[in-house]
Amino acid sequence: MAGEKILLEDVRKSFAGRAVLDGVNLAIEPGESLAIIGQSGSGKSVTLKCILGLIRPDAGRILVDGEDVTAMRPAQLEKLRTKFGMLFQGSALFDSLPVWRNVTFGITQGRMREPARMRMIAEENLERVGLDGRILNLRPSELSGGMQKRVALARAIAPRPEIIFFDEPTTGLDPIRADVINDLIVSLVDDLGVTALTITHDMASARKIAHRVAMLYQGRIIWRGPRDRLYDSGNPYVDQFVLGRAEGPIK
Ligand SMILES: Nc1ncnc2c1ncn2[C@@H]1O[C@H](COP(=O)(O)OP(=O)(O)OP(=O)(O)O)[C@@H](O)[C@H]1O
């Protein structure tokens, strides 16, 4: 069995005849935090969905712990997904539920079960993200955007997933709150020993959260390297993207 936690081999996916993923190769080691950067529409979300088995690639293999996701039946996919936690862009909390039920949503599958124990679990996970138990009964809409992001983070970690996907974790936050979230993600990834995959447009976030960064361009990973090489990649496509320049090889 391969040692990688997640391995993509020559993954291809087209929509209506247009290749979105055109031979993606990527390996993520256990406990590693990797960020994928790339233009809007470059296929970052499609990549995540392929790994989760929500989209089936046209070709290639995707191994999670050595098992090929692309060949899994629905019941196997359901089991596979229990390994993953997800922090959605925009937090995606349920406003009809109090904070504690949001945090334990992945454990209870949204059902009302063992409320006393779930409140304890919620409190413990909220503490991990720097929130205190006084917000347990509030609705998400009563919280600031930064607090909502933390609640969403507490929800992502509560079932103790092996792998967490962070989808644009800092979008919509001011630079200071964004950095607080980055710090939290770093400490959670370290403390919980999870494998993390982040998609982001925020270069400061990518550099802080990830051990390694990979850039997706025209359906392929055109560069990958340690985070401190992001601004010193020697790749004109990466340079143009990270510096946000209109001029360059990316049209
Ligand atoms: N289910 C689908 N059916 C048809 N086209 C799709 C589908 N999902 C994604 N696409 C197309 O694939 C391309 C890549 O989309 P994707 O959402 O992965 O981009 P992204 O890199 O995540 O972009 P952003 O940074 O804006 O979130 C887009 O052109 C999108 O329209």
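A quick note: this is a predicted structure, and the numbers were derived from the prediction, not measured.

A count of helices and strands for the protein chain gives nine helices and ten strands. Radius of gyration (C-alpha) of the protein chain: 18 Å, near the 18 Å computed for a compact globule of 251 residues. Overall, the C-alpha framework of the protein chain stretches about 55 × 45 × 35 Å when taken along its three principal axes. When each of the 251 residues of the protein chain is scored for burial, the buried share is 38%. Sequence-distant contacts, at least 24 apart, represent 62% of the contacts inside the protein chain between residues at least 6 apart.

This part takes up the domain arrangement of the protein chain. The domain architecture assigned to the protein chain consists of domain 1 (1–83 + 163–168 + 193–251) and domain 2 (86–160). Computed over C-alpha atoms only, the centres of domain 1 and domain 2 are separated by 27 Å. With five residues of domain 1 at the contact, the number on the domain 2 side is five residues. The class makeup of the residues in the side of domain 1 that touches domain 2 is three nonpolar, no polar and two charged.

This part takes up the pairing of strand β8 (residues 195–199). Counting buried residues along β8, five of its five residues qualify, which places the element largely inside the surrounding structure. Side-chain alternation along β8 places T195, L197 and I199 on one buried face and A196 and T198 on a second face that is also buried. Direction of pairing for strand β7 (residues 163–167) relative to β8: parallel, over a ladder of five bridges. For I164, the partnering residue across the bridge sits in β8 and is A196. As a crossover connection, the stretch from β7 through helix α7 (residues 175–192) into β8 is right-handed.

Spatially, four strands are ordered β2-β1-β4-β5 in an open sheet, and the strand pairing comes out antiparallel. Every interior strand has two partners, whereas the edge strands, β2 (18–28) and β5 (67–68), have only one. Bridge analysis of strand β4 (residues 59–64) against β5 gives two bridges, and the strand direction is antiparallel. The residue bridging L63 from the neighbouring strand is D68, located in β5.

The subject of this paragraph is the site of the ligand. The ligand sits among F15, V20, G38, S40, G41, S42, G43, K44, S45 and V46. The leading source of residues in the shell around the ligand is helix α1 (residues 44–51), at three residues. Within the shell around the ligand, the residues separate by chemical class into three nonpolar, six polar and one charged.

Most of β7 is tucked away, with four of its five residues classed as buried. Bridge analysis of strand β6 (residues 84–87) against β7 gives four bridges, and the strand direction is parallel. Its bridge partner being in β7, F84 is matched across the sheet by I163.

For the rest of this paragraph, the subject is the sheet that holds β6. Read from one edge of the open sheet, six strands run β6-β7-β8-β3-β9-β10, paired in mixed fashion. A strand with exactly one partner marks an edge of an open sheet, and here the two such strands are β6 and β10 (220–226). The sheet shows a mean angle of 20° between the axes of neighbouring strands, direction not considered. Pairing geometry for strand β9 (residues 212–217) and β10, over six bridges, is antiparallel. Paired with V213 across the two strands is G225, which belongs to β10. Helix-sheet contacts for helix α9 (residues 236–243) involve β3 (33–37), β9 and β10, and the interaxial angle to β9 is about 100°.

The next thing to look at is unusual backbone geometry. Unusually for a residue other than glycine, R160 sits at a positive phi of about 55°. Of note, R160 is situated in the loop between α6 (145–157) and β7. One non-glycine residue, E168, lies in the positive phi region at around 50°. Within the secondary structure, E168 sits in the loop between β7 and α7.

Bringing α6 into the picture now. Here α6 is 13 residues long and its end C-alpha atoms lie 19 Å apart, about the 18 Å a rise of 1.5 Å per residue gives. Among the 13 residues in α6, eleven count as buried, and that is most of the element. Taken together, the buried residues of α6 touch β6, α3 (99–103), α4 (105–108), α5 (115–128), β7 and α7.

UniProt records the feature "domain: ABC transporter" (unreviewed entry) for residues 6–243 in the present numbering. Across residues 6–243, helical content stands at 36% and strand content at 26%; the span's end C-alpha atoms are separated by 29 Å.

Parameters and conventions
- Residues numbered from 1 in each chain as written.
- Predicted model: local features only at pLDDT ≥ 70, side-chain atom pairs only at ≥ 80, totals over all residues.
- Helix = DSSP H or I, 4+ residues; strand = E, 2+ residues; numbered from the N terminus.
- Rg over C-alpha atoms; globule rule 2.2 N^0.38 Å.
- Buried ≥ 20, exposed ≤ 12 C-beta atoms within 10 Å, placed from the backbone.
- Contact = placed C-beta atoms within 7 Å.
- Domains from an automatic or database assignment.
- Nonpolar A, V, L, I, M, F, W, Y, C, P; charged D, E, K, R; others polar.
- Pairing = 2+ DSSP bridges.
- Right-handed = clockwise from strand over helix to strand, strands pointing away.
- Near = placed C-beta within 6 Å.
- Axes fitted to C-alpha atoms, helices over the stretch in contact; angles between N-to-C directions.
- Expected span 1.5 Å × (residues − 1).
- UniProt positions renumbered as here; feature names shortened; annotations may be inferred.

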